[in-house]
Amino acid sequence: MSERRSALERRRAREFQAFVAGAAGRLLHAATLLTAEPALRNPQAQQLLTSALAHTYAEWDRLRGEDPYDRTRQELATRFARTAWRHHRVRGGVLDRLTPQERLILVLRLYEGVAEEQTAALIGLPVERVRAICARAVATMRSTPPAPPRAPAEAVS
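Asks: Looking at this model, I keep getting lost on the overall build of the protein chain. Mind explaining?
Replies: Counting its regular elements, the protein chain contains six helices and zero strands. The secondary structure elements of the protein chain, listed N-terminal to C-terminal, are α-α-α-α-α-α. For the protein chain, buried positions account for 36% of its 157 residues. In the protein chain, of all internal contacts separated by at least 6 residues, the share reaching a separation of at least 24 is 61%. Only carbon and sulfur atoms are counted for the fraction: they give 55% of the accessible area of the protein chain, which is about 10,100 Å².

Asks: What is the right way to look at the packing of aromatic side chains in this model?
Replies: Given two aromatic rings, their pairing is described by the distance between the two centres and the angle made by the two planes. Enumeration according to the criterion identifies four aromatic pairs in this entry. Where Phe16 meets Phe19, the ring centres are 6.0 Å apart and the plane angle is 50°; that geometry is what we call tilted. Here the residue Phe16 and the residue Phe19 both occupy positions in helix 1 (residues 2-35), the gap between them amounting to three residues, near one helical turn. The class of Phe19 is buried, set by a relative accessible area of 11%. With a centroid separation of 5.3 Å and 90° between ring planes, the pair formed by Phe16 and Trp60 is classed as edge-to-face. Residue Phe16 is found in helix 1, and its partner Trp60 is found in the loop between helix 2 (43-59) and helix 3 (68-82); the two are separated by 44 residues along the sequence. The two residues Phe16 and Trp60 agree in class, both being buried. Joined through ring pairs, the aromatic side chains of Phe16, Phe19, Tyr57 and Trp60 make up one cluster. Against the face of Tyr57 rests Arg12, its NZ or CZ located 4.2 Å from the ring centre. The ring of Tyr111 has Arg26 lying over it, and the distance from NZ or CZ to the ring centre is 4.3 Å.

Asks: What is the right way to read helix 4 (residues 100-111) from this model?
Replies: Because each turn of an α-helix spans 3.6 residues, side chains separated by three or four positions in sequence point in the same direction. Listing the buried residues of helix 4 in full gives Pro100, Glu102, Arg103, Leu104, Ile105, Leu106, Val107 and Leu108. Among the structural elements, helix 1, helix 3, helix 5 (116-123) and helix 6 (127-142) are those in contact with the buried residues of helix 4. Backbone geometry just downstream of helix 4 places Gly113 in the positive-phi region, at approximately 70°.

Asks: Got a minute to help me understand unusual backbone geometry in this structure?
Replies: Note: most residues except glycine have negative phi, and most peptide bonds are trans. One non-glycine residue with positive phi stands out, namely Ala36, at about 60°. With respect to the helices and strands, the residue Ala36 is situated in the loop between helix 1 and helix 2. Its identity is not glycine, yet Arg64 carries a phi of approximately 45°, on the positive side. By the secondary structure assignment, Arg64 is in the loop between helix 2 and helix 3.

Asks: For this particular structure, what's the right way to read the environment of Ala36?
Replies: Of the residues examined, Ala36 reaches a relative accessible area of 0% and is grouped as buried. Sequence separation between Ala36 and Leu98 is 62 residues, and the spatial gap between their C-alpha atoms is 8.6 Å. If we ignore the near neighbours within four places in the chain, the residues touching Ala36 are Arg91, Gly92, Gly93, Leu95, Asp96 and Arg103.

About the thresholds
- Residues numbered from 1 in each chain as written.
- Predicted model: local features only at pLDDT ≥ 70, side-chain atom pairs only at ≥ 80, totals over all residues.
- Heavy atoms only, no water.
- Helix = DSSP H or I, 4+ residues; strand = E, 2+ residues; numbered from the N terminus.
- Buried < 20%, exposed > 50% of the residue type's maximum accessible area, 1.4 Å probe, protein only.
- Contact = heavy atoms within 4.5 Å.
- Areas by Shrake-Rupley, 256 points an atom, 1.4 Å probe, with all protein chains shown as cover.
- Phe/Tyr/Trp six-rings, centres within 6.5 Å; stacked < 30°, edge-to-face > 60°.
- Lys NZ or Arg CZ within 6 Å of the ring centre and 35° of its normal.

Spelled out as structure tokens, the structure:
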């Protein structure tokens, strides 16, 4: 019995490793967009992804034909939404001009291609609200970013 269990655990580990090898890059990019961190300096995105992947691994045997990528993306979005207050500071990432809610909706809708209805169900908002927030986020990203504050000019003598 122990030998069989060990073989099942090894198979489970191999399957999960193959999933992570194929999906981790895209999921990390999504997490980095969510946290608004720069691509090369993203410890919060890495932590967010690690937590989501750990949850997926714990549920691996219960997925029963469910897409592990969808499950992990859902867990990533849920964990981000629960901790969004931590991700409100400007960090220099691509989407740092957006609020955490705008980033979540924009990443799910445009980067991940999740339907409006699924996005609305995932985050608990009406479809019309998701549509409006997504439109506002796109408009913000298309607008010219505010100029960085300039240093005061030195007096000329």
